[in-house]
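# Report on the structure
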Amino acid sequence: MDRRNLLPIGQFSQASGLSVTALRHYDASGVLVPAFVDPVSGYRYFRRDQVRTAQSIRALRQLDIPVEEVRRLLGGGEEELAAALQAHLRAAERRLEVQRSVVRSLLSRLTEGAEMTHRVTVRQGAAERILVRGATLDNSGLDAFLRGAYQEMYEVAGRGPLTFTGPAFVRFHGVCDDENDTLVEACLPFWEDGAQPTDLPEGMSVRELPESTLACTQVEGAAAAFPQILGAYDAVADWITEHGFAFAGPARMVYRRWTGTPDHPDNRLEIAWPIDEPADDGPVPSDRLIVA
């Protein structure tokens, strides 16, 4: 083999910016295979035109892209790689915005206290019959799920037609952010003495929520968008904890005014958390499934 077009691993390491250890690892994982391995010494040699590939690998790994994903991207075309980089950039910008919001929230707590930013009140929630569509997901899929769920539920409601008794709301059975998924339920309250939904599609049900006491706060505009809205959940949770109440059900996000655009200045949402006096005999079920 003509080795004039080959670089020994040491020189290739200097040219590519990848350590010799990293090059051996990428060889073993199939990401960057040497052009020639000396059968006697086991010494690796790389073609000169592999330097650009190695530099790309170094840059992709600096973006914390997993090795297996790097191998897949390098095996595709330039368009696929460009699209993946754009998606990675959007995700990084989103993570940065979340971090900024968290820092701002923490600084606000240190200087003003959560109660100065979010005023928490208590109201009585009437018993409600609701149309429900649920899914287990994280925040990245939340918006698409809610849009699809409400579109489907409004179609079902229109066949009744159902008489709505209050604004649509969402119930979160756990933390729903970029790192955690949970059961999320899109809910539409309707009059129990009026028309009832029929021919429900799979995954949709009718439930009955009992009367409840709710600790609430409202957010508007940018404060109603993720991740800023997380501060409202924290404020209500802090208030419930500090005032000695028990959490009596999933947190609700109530659409008091909704334009359809998550960060629109006219949006107004209410975070409402069912509460109860502390009890030693365990939680009371928060809803009952109605079998049509």
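Residues numbered from 1 in each chain as written. Predicted model: local features only at pLDDT ≥ 70, side-chain atom pairs only at ≥ 80, totals over all residues. Heavy atoms only, no water.

## Quick look at unusual backbone geometry
For the bond running from Gly160 to Pro161, omega is -10 degrees, close enough to zero to count as cis. For Pro161, the position within the fold is in the loop between α7 (142-159) and β6 (169-172). A positive phi is found at Asp64, a non-glycine position, where the angle reads about 65 degrees. Backbone geometry at Asp199 places phi at a positive 50 degrees, although glycine is not the residue there. Mapped onto the secondary structure, Asp199 falls in the loop between β7 (182-190) and β8 (204-209). (Helix = DSSP H or I, 4+ residues; strand = E, 2+ residues; numbered from the N terminus.)

## Here's the deal with the nonpolar core
Among the nonpolar cores identified, the biggest contains 39 residues, and Leu131, Leu146, Tyr150, Val184 and Met253 are the most heavily contacted of them. Counting 18 residues, the second-largest nonpolar core is a separate cluster that includes Ala22, Phe46, Val51 and Leu73. (Core = buried A, V, L, I, M, F, W, Y, C linked by side-chain atoms within 4.5 Å. Buried < 20%, exposed > 50% of the residue type's maximum accessible area, 1.4 Å probe, protein only.)

## Considering the packing of aromatic side chains
Per the counting criterion, the structure on display carries ten aromatic pairs. Measuring from ring centre to ring centre gives 5.7 Å for Tyr154 and Phe164, while their planes differ by 85 degrees; the resulting arrangement is edge-to-face. With a gap of ten residues between them, Tyr154 in helix α7 and Phe164 in the loop between α7 and β6 connect regions that are remote in the sequence. Taking 5.3 Å as the distance between ring centres and 65 degrees as the angle between the ring planes, the aromatic pair formed by Tyr255 and Trp258 counts as edge-to-face. By relative accessible area, which is 35% here, Trp258 ends up partly exposed. Aromatic ring contacts, followed pair by pair, group Tyr150, Tyr154, Phe164, Tyr255 and Trp258 into a single cluster. (Phe/Tyr/Trp six-rings, centres within 6.5 Å; stacked < 30°, edge-to-face > 60°.)

## Comments concerning the pairing of β6
Alternating residues of β6 divide into Phe169 and Arg171 and Val170 and Phe172, and every residue in both groups is buried. As judged from the four bridges shared by β6 and β7, these two strands associate in the antiparallel manner. Counterpart to Phe172 in the pairing with β7 is Val184. Relative to strand β11 (residues 251-257), β6 runs antiparallel, the two being bridged by four bridges. (Pairing = 2+ DSSP bridges.)

## Some remarks on the pairing of strand β5 (residues 128-137)
With seven of ten residues buried, β5 is to be regarded as a mostly interior element. In terms of strand pairing, β5 meets β7 through nine bridges, oriented antiparallel. Within β7, the position partnered with Leu131 by the bridge is Leu188.

## Focus on the state of the cysteines
One pass over the structure, following the stated rule, counts zero disulfides. Between Cys216, a cysteine without a disulfide, and Cys187, which holds the nearest cysteine sulfur, the sulfur-to-sulfur distance is 15 Å. (Disulfide = S-S within 2.5 Å.)

## Some thoughts on the confidence of the model for the protein
When pLDDT is averaged along the protein, the result is 87; 91% of the residues meet or exceed 70. Per-residue pLDDT stays below 50 along residues 288-292; that stretch engages in nine contacts with residues further than four places along the chain or on separate chains. (pLDDT = per-residue confidence, 0-100. Contact = heavy atoms within 4.5 Å.)

## Some points on the sheet that holds strand β2 (residues 36-37)
Here three strands make up an open sheet; going across it, the order is β1-β3-β2 and the pairing antiparallel. Looking along the sheet, the strands with just one partner apiece sit at the ends: β1 (6-8) and β2. Of the pairings in the sheet, the one linking β2 to strand β3 (residues 44-47) comprises two bridges and is antiparallel in character. For Phe36, the partnering residue across the bridge sits in β3 and is Tyr45.

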